[in-house]
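As a plain string of letters, each chain reads:
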Amino acid sequence: MNTDLLLSHLRNIPDFPKPGIQFKDVSTLFIEPSCLNEILDELVRLYKDKGITKVVGIESRGFVMGAILAQRLGVGFVMCRKIGKLPGETRKQSYLKEYGEDVIEIHTDAISPEDVVLIHDDLLATGGSMKAAIDLVDSFGAKNIYVNFLIELRMEGLKGKEFLGNKAEITALLTLNE
Ligand code: AMP
C-alpha cells in the first residue's frame, strides 16, 4: 500500500470540533480517486480470503469505504446508525461517551448467526463507538467478527485497541502518533 500517497492527502484540522482535538479529515482522501483505489485495493487484499459475508459500516464516514468494499467482495452492506434513524425493527447497544450516553442500532434482520462480519469505520480513537458496534454485532451471534479502520490514532493515554478486547481481529491501514 502507498502509505505516503494516503498521508499526503489526509487533512488535519486543529481544534475541531473543539479546542485541543486534531481532527483527521478523511474527506480529502475520499475526494481523490487515486486514494479511493489505494484504500480499496488494500482492503480487498486484507479481506478477500476471510469468508466475509457482510460488511457493517459505522455512521457516517464508515459508510463510504464500507459500501464500496462490500460491493467488491460481493457481499451485503449493513448500516450501523445512531438511534432513531433506521425505520425497521432494530437491535440496540448503548455506550458511554465523554459527555453522557449514546446508542447505536442495526436492523434485526440484517445479520444472522451464519454471517462472518467485517465492521468498518474511518478512525479509532478511544474505541468506545467500535466496542459498542462489536458487542452489537456479537449479540446477533455472528460466526466471526473482523474490525477495520482507515486510521488508528495513538495518543498518550489513549488505549483504543486494548479497549476493543479480543472478540475481533483488528486492522488499521494507517497508524498516526499524535
Ligand atoms: P472513538 O469512539 O473515541 O474511538 O471515536 C471514533 C469515532 O469518532 C470515529 O467514528 C471517528 O470518525 C470520530 N473521531 C474521533 N476522534 C477523531 C479525530 N481526532 N479525527 C477524526 N475523527 C475522529
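Refer to the structure presented above.
This report concerns the structure included in the present document. (Residues numbered from 1 in each chain as written. Predicted model: local features only at pLDDT ≥ 70, side-chain atom pairs only at ≥ 80, totals over all residues. Heavy atoms only, no water.)

1. Section: the overall build of the protein chain
At step 1: Along the backbone of the protein chain there are six helices and nine strands.
At step 2: For the protein chain, the C-alpha radius of gyration of 16 Å lies close to 16 Å, the compact-globule estimate for 178 residues.
At step 3: With the C-alpha coordinates aligned to their principal axes, the bounding extent of the protein chain is approximately 40 × 40 × 30 Å.
At step 4: Restricting the contact set of the protein chain to residue pairs at least 6 apart, pairs at least 24 apart contribute 59%.
At step 5: Carbon and sulfur atoms make up 50% of the accessible area of the protein chain, which totals about 9,100 Å². (Helix = DSSP H or I, 4+ residues; strand = E, 2+ residues; numbered from the N terminus. Rg over C-alpha atoms; globule rule 2.2 N^0.38 Å. Contact = heavy atoms within 4.5 Å. Areas by Shrake-Rupley, 256 points an atom, 1.4 Å probe, with all protein chains shown as cover.)

2. Quick look at the site of the ligand
At step 1: Near the ligand you find 14 residues, and of these Arg61, Asp122, Thr126, Gly127 and Ser129 are the closest.
At step 2: Between the ligand and glutamine 22, the relevant distance is 3.0 Å, taken from a nitrogen atom to a main-chain nitrogen or oxygen of the residue.
At step 3: At 2.7 Å, a side-chain N or O of arginine 61 approaches an oxygen atom of the ligand.
At step 4: Burial of the ligand by the protein amounts to 80% of the accessible area it has alone, namely 490 Å².
At step 5: Of all the secondary structure elements, the ones that give two or more residues to the shell around the ligand are strand 2 (22–25), strand 7 (116–124) and helix 5 (128–139).
At step 6: Sorting elements by how many residues they give to the shell around the ligand places strand 7 first, with four residues. (Near = heavy atom within 4 Å. Polar contact = N/O pair within 3.5 Å; in protein donor to acceptor, adjacent residues only side chain to side chain.)

3. Here we look at the packing of helix 3 (residues 33–47) against helix 4 (residues 62–73)
At step 1: Contact geometry for helix 3 and helix 4: axes closest at 10 Å, N-to-C directions at 55 degrees. When the axes of helix 3 and helix 4 are compared, the pair comes out oblique. Classified by chirality, the crossing of helix 4 by helix 3 is right-handed. Of the residues in helix 4, those in contact with Leu36, Ile39, Leu40, Asp41, Leu43, Val44 and Tyr47 of helix 3 are Met65, Ile68, Leu69, Arg72 and Leu73.
At step 2: For the contact of helix 3 with helix 4, the class distribution of residues is 10 nonpolar, no polar and two charged. (Axes fitted to C-alpha atoms, helices over the stretch in contact; angles between N-to-C directions. Parallel < 35°, antiparallel > 145°, perpendicular 65-115°, else oblique. Left-handed = near helix turned anticlockwise from the far one by under 90°. Nonpolar A, V, L, I, M, F, W, Y, C, P; charged D, E, K, R; others polar.)

4. A word on helix 4
At step 1: Look at helix 4: 16 Å from first C-alpha to last across 12 residues, which is about the 16 Å you get at 1.5 Å a residue.
At step 2: Listed as buried for helix 4 are Gly62, Phe63, Met65, Gly66, Leu69 and Ala70.
At step 3: For helix 4, the elements touching its buried residues are helix 2 (27–30), helix 3, strand 3 (54–58), strand 4 (76–82), strand 7 and strand 8 (144–154).
At step 4: Once helix 4 finishes, glycine 74 follows within two positions and takes phi at roughly 75 degrees, a positive value. (Expected span 1.5 Å × (residues − 1). Buried < 20%, exposed > 50% of the residue type's maximum accessible area, 1.4 Å probe, protein only.)

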